[in-house]
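The residues making up each chain are set out below.
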Amino acid sequence: KMGLHIALGYMAIVFLISGAAMNVLQLLSLLFVWPFSHSIYRRLNGFLVNFYWTEVIWFAEWWAKIKLRIFCDKETAATLGKERAVALCNHLSDVDWLLGWLIAYRYDCLGGAKCVLKQMLMFVPVLGWSWWFLEYIFLARTWEKDKGPMARSCRSLSKFPMPFWVVLFAEGTRFTPSKQEASAEFCSKNNLPVFKNVLYPRLKGWKLVMEELHKAVDSVYDVTFAFPPNQIPGMVDLMNGVRQDVFVYIGRTAIADLPKDDEGLGKFCVDTYATMDARLDKFKADGIFPGHEEQHIRSAWPLAIMTTWTAVVSALLGYAFVLFGRYAGTNSAIYAFVGLLVFGELFLRLVMWFAKKRGPKAGKAPRKKPAASTD
């Protein structure tokens, strides 16, 4: 266990230092490129994430050994990563954002991946700042405060120069048995559909996104995540290198086939989650999704990026500790190195805490109006 903690702490230091370097480049692009060309700024930042976010992809694929199995029809497969889309997803784990990145990376859309996140995630060192530079949408989870910023963010994306995905977890919180019971009770009392495997979606944020982006996107994806029984992954599992099997089904609806009116959009969202619910029922019975399975080989690029950054950071730290040891003594240099590893471990725990804080706590009382959420 000591070796695992040392390895994780050092990986965190590599991630922080390389991420800080990328943040500096992102800041420079914001100051000197954005005022003259939003398009070039976005393309540049979409390019930069391939030298930084791929460290997280390495962590998922090489360290945590996530096996991602993606199912969809061949027509949908042909569009993935080649068009602008809004993705409606179910929310089962605290690493769903990471699984979304894996899907985006598989289809060369990592730099165009956007997500609606809780505002506090903006302040996660390095990673949260990177999300802000990449124009992720951050919400305070109060509709009156969020409506304007969310509309402006979506409006800004209408001129995005590359394929992008705006990811919405419209349930508003992670699925748990207690939340499902609360949701079912509320829906029964209000004559709404009752779901077993997903929560009744919150509609205001979805409607606003589509109101602002319906002329800018080509389709809506419905993305269903599923896991083997009792194997929903958490960040701790990934850090411990516990292999995870993740099943994903992606459906697609062309934007031309979506309703244009407010009521129709709400019904479409509810029907989409009803389809997810039925799909998850079938998954529980069969252990697999139906249809065409995409074939992907684990990419060597994240491994090359992580290896390169580790070598560069190690050389810089080694040089810094040699100089420090000359002036402060060998023991002080050793203590500083241990302190750095402890700092890396604390950073990982901070990320875990933020991930768990993304939504309301399990067992929280059901909302009085399912449509009142901002996401």
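Keep in mind that this is a model prediction, so the values were computed, not measured. (Residues numbered from 1 in each chain as written. Predicted model: local features only at pLDDT ≥ 70, side-chain atom pairs only at ≥ 80, totals over all residues. Heavy atoms only, no water.)

**Quick look at the pattern of salt bridges**
Link 1 in the chain: This model, assessed by the stated rule, comprises twelve salt bridges.
Link 2 in the chain: Notably, a salt bridge pairs Arg243 with Asp245, separated by 3.3 Å at the nearest N-O pair.
Link 3 in the chain: A relative accessible area of 48% means that Arg243 is categorised as partly exposed. (Salt bridge = Lys/Arg side-chain N within 4 Å of Asp/Glu carboxyl O. Buried < 20%, exposed > 50% of the residue type's maximum accessible area, 1.4 Å probe, protein only.)

**Focus on a nonpolar patch on the surface**
Link 1 in the chain: Side chains of Val24, Leu25, Leu27, Leu28, Leu31 and Phe32 sit close together on the surface and give an oily, nonpolar patch of about 550 Å² of accessible area.
Link 2 in the chain: Looking at the secondary structure, you find Phe32 in helix H1 (residues 2–32). (Patch = residues over 30% accessible without salt bridge, like charges linked within 9 Å, V, L, I, M, F, W, Y side chains within 5 Å. Areas by Shrake-Rupley, 256 points an atom, 1.4 Å probe, with all protein chains shown as cover. Helix = DSSP H or I, 4+ residues; strand = E, 2+ residues; numbered from the N terminus.)

**Focus on the environment of Asp94**
Link 1 in the chain: Looking at where Asp94 falls in the secondary structure, it is placed in the loop between strand E2 (85–89) and helix H5 (96–106).
Link 2 in the chain: Note on Asp94: relative accessible area 12%, which makes it buried.
Link 3 in the chain: When the C-alpha positions of Asp94 and Ala78 are compared, they lie 29 Å apart, and in sequence the two are 16 residues distant.

**Focus on helix H2 (residues 38–48)**
Link 1 in the chain: Among all positions of H2, only Tyr41, Arg42, Asn45, Gly46 and Leu48 are buried. For H2, the arc enclosing every buried residue in end-on projection is 160 degrees, short of the 170-degree limit, so these residues lie on one face.
Link 2 in the chain: In this structure, the buried residues of H2 make contact with H1, helix H6 (127–133) and helix H7 (143–157). (Arc of directions from axis to C-beta. Contact = heavy atoms within 4.5 Å.)

**What to know about the confidence of the model for the chain**
Link 1 in the chain: Chain-level statistics for the chain give a pLDDT mean of 89 and a share of 94% at 70 or above.
Link 2 in the chain: Every residue in residues 359–375 is under pLDDT 50, and counting partners more than four places away or in other chains gives 48 contacts. (pLDDT = per-residue confidence, 0-100.)

**Re unusual backbone geometry**
Link 1 in the chain: Phi is positive for Asn191, which is not a glycine, with a value near 55 degrees.
Link 2 in the chain: Counting through the fold element by element, Asn191 comes out in the loop between helix H8 (177–189) and helix H9 (204–213).
Link 3 in the chain: Overall, the relative accessible area of 73% leaves Asn191 in the exposed class.
Link 4 in the chain: Unusually for a residue other than glycine, Asn230 sits at a positive phi of about 60 degrees.
Link 5 in the chain: Among the structural elements, Asn230 can be located in the loop between strand E6 (219–226) and helix H10 (235–239).
Link 6 in the chain: The class of Asn230 is exposed, set by a relative accessible area of 82%.

**Here's the deal with the nonpolar core**
Link 1 in the chain: Residues Trp53, Trp101, Ile103, Trp131 and Tyr136 are the most contacted members of the largest nonpolar core, which totals 78 residues.
Link 2 in the chain: Those residues in contact with Trp101 that lie beyond four places of it in its chain are Trp53, Val56, Ile57, Leu110, Leu127, Trp131 and Tyr136.
Link 3 in the chain: If you look at the next biggest cluster of nonpolar residues, it comprises 44 residues, including Phe71, Ala226, Ile255 and Leu265. (Core = buried A, V, L, I, M, F, W, Y, C linked by side-chain atoms within 4.5 Å.)

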